[in-house]
Amino acid sequence: MLFVLLVICFHGAASVHVDVLRDRPRVAVLIVGKSFNSRRMANSSSLSNASLQDRGAGAGTTDATNMFDFMTGEDNTDDGDTLQFEREPGVVNRTWDNILNMLIKPVKKTHWVDVILCIDKKVNDVPPEVTHVFAISAPSQEERGLQCLAKIRNNHRTYEWLIKTRPDFMFYRPFPSMTSFLPGYVYTRFRAVAGISNLTSDHFSWDYCTSRCNAGPPGRYGYMNDDMVRVVPAALMQFAFRSLGDTTKVKTPQTWIAYKNFPHEVGLSLFWLERGIRTMPLACPGYPRHARYHHHELSYPCSTVPVKKNCQPNLPIQDVHKALV
C-alpha cells in the first residue's frame, strides 16, 4: 500500500510528489549456528581486541563484540580452522559488521526485516538489530534451523520470504534485491552443476573461479544445492529445512548430474526434488569463514569480477526443470 504525499507550492515553485511505502512485505533473516566451544571462548580477547582489516568486504568500524561474533557455522567440535584462519592476512575480524552491511541493510531497502539468531546457547550481548534469539540444542545446523523455524511460525507473523545464512558466512558484495526473486522457487548457490546457461562464479559454492562447470558425467545437466545461504518464499517455508530423519526415495532422471560426496548438500537437494521444489541460482558471492578447504583463498580471485561459466549444453534452467516433471 502506498501513502502519497503531495506538496504544492505557489509563486512558481515546483510541486513535489513523493510515494512512501507504508506496508512493506516482511522478511525473516534466520542466522543459524552455534557458539564457539570453550577453547575458542577462552581466547575471546583476541577477537575483541583485533583491529579491522580493510581488505574484507563489509568491514565495519565498531569495536564492541556481541553474541553474533562468537558464533560459527561449523557442526564439528573444533570450530573448523578458526584459530589458524584468523592468523591469515586480509580476514575481517567482525562478522556482524559484514552481515549487517551486506545482507540486512540491502534487504531493508524494500522489506521489513526480522533478524533471528538460532544458537545453541546465549553468550555475550545481542546486537540491537536482532529481533529474536532462540537457544536450541540440536545435533546439526539443519535440525536447529528446523526447530527455529517452528518457533517463529508460532509467533503468527507473516513473512513473504525467509533468508537463511550461516553466522560465519562472509558476503563479498551486497545481497541481491528482494524484488528480483520469483515466489515459486527456492534460491541457493550450487555446490555442483552442469548444462545450465547464464551462470557465473557468483552462483557457485565450490570450484569458484574456473570457467568450467563442475558436475558430470559429460552430457548431463542439473544441479546440487548448497546449504549455506538459501532464500525461500512463504509458500515453501515449511520445506526450508530438512530433518536428518527425513528419507528420500526420489530418483533423478538419467540425464541428471551424478551427485558428489557432499552428504548435507545431497540430502537437501533430494529433499527438495522429492517435493517438487525447483531451484533458481542465487548470485551471492562469499565464503564460510570458519570452514576448512580454503574457501576464502579459492573464492577471492573472482570476488570482484565474476567469472562466466561455460556449462555445455547451456540450457535455460527452466528447460532443466522440465526434466524433473
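Right, let's walk through the structure included here.

Reading the values: the criteria
- Residues numbered from 1 in each chain as written.
- Predicted model: local features only at pLDDT ≥ 70, side-chain atom pairs only at ≥ 80, totals over all residues.
- Heavy atoms only, no water.
- Helix = DSSP H or I, 4+ residues; strand = E, 2+ residues; numbered from the N terminus.
- Expected span 1.5 Å × (residues − 1).
- Buried < 20%, exposed > 50% of the residue type's maximum accessible area, 1.4 Å probe, protein only.
- Salt bridge = Lys/Arg side-chain N within 4 Å of Asp/Glu carboxyl O.
- Phe/Tyr/Trp six-rings, centres within 6.5 Å; stacked < 30°, edge-to-face > 60°.
- Lys NZ or Arg CZ within 6 Å of the ring centre and 35° of its normal.

**A few points about the environment of phenylalanine 171**
Turning to step 1, where the next piece is worked out: Turning to its location among the elements, phenylalanine 171 is positioned in strand β9 (residues 169–171).
Turning to step 2, where the next piece is worked out: With 76 residues separating them along the chain, phenylalanine 171 and threonine 95 place their C-alpha atoms 9.5 Å apart.

**Focus: helix α6 (residues 263–274)**
Turning to step 1, where the next piece is worked out: The end-to-end C-alpha distance of α6 is 16 Å, a good match for the 16 Å that twelve residues give at a rise of 1.5 Å each.
Turning to step 2, where the next piece is worked out: Extensive coverage of α6 is indicated by the burial of nine of its twelve residues.
Turning to step 3, where the next piece is worked out: Those residues of α6 that sit buried are Glu265, Val266, Gly267, Leu268, Ser269, Leu270, Phe271, Trp272 and Leu273.
Turning to step 4, where the next piece is worked out: One or two positions beyond α6, positive phi appears at glycine 276, with a value near 75°.

**Regarding the pattern of salt bridges**
Turning to step 1, where the next piece is worked out: Enumeration over the complete set of coordinates arrives at ten salt bridges.
Turning to step 2, where the next piece is worked out: Between arginine 230 and glutamate 142 there is a salt bridge, with the nearest N and O atoms lying 2.9 Å from each other. Here the residue arginine 230 occupies a position in strand β11 (residues 222–233), and glutamate 142 occupies one in helix α5 (residues 141–153), the gap between them amounting to 88 residues.
Turning to step 3, where the next piece is worked out: Between aspartate 226 and arginine 191 there is a salt bridge whose closest N-O contact spans 3.0 Å.

**Quick look at α5**
Turning to step 1, where the next piece is worked out: The end-to-end C-alpha distance of α5 is 18 Å, a good match for the 18 Å that 13 residues give at a rise of 1.5 Å each.
Turning to step 2, where the next piece is worked out: Along α5, the positions that sit buried rather than exposed are Gln141, Glu142, Glu143, Arg144, Gly145, Cys148, Leu149 and Ile152.

**Details of the packing of aromatic side chains**
Any pair of aromatic rings gets described here by the distance separating the centres and the angle formed by the planes.
Turning to step 1, where the next piece is worked out: Applying the stated criterion to the full structure yields twelve aromatic pairs.
Turning to step 2, where the next piece is worked out: Consider the rings of tryptophan 206 and phenylalanine 262, whose centres lie 5.2 Å apart with planes at 70°: the pair is edge-to-face. Remark: phenylalanine 262 occurs in the loop between β11 and α6 and tryptophan 206 occurs in the loop between β10 (186–194) and β11; sequence separation between them is 56 residues.
Turning to step 3, where the next piece is worked out: Residue class for phenylalanine 262 comes out buried when judged on its relative accessible area of 16%.
Turning to step 4, where the next piece is worked out: Among the aromatic residues, those joined into a ring-pair cluster are Trp161, Phe169, Phe171, Phe175, Phe181 and Tyr187.
Turning to step 5, where the next piece is worked out: Geometry around tryptophan 112 places arginine 24 over its ring, the cationic atom sitting 5.5 Å from the centre.
Turning to step 6, where the next piece is worked out: In this arrangement the basic side chain of arginine 191 is found over the ring face of phenylalanine 262, its NZ or CZ atom lying 4.8 Å from the centre.

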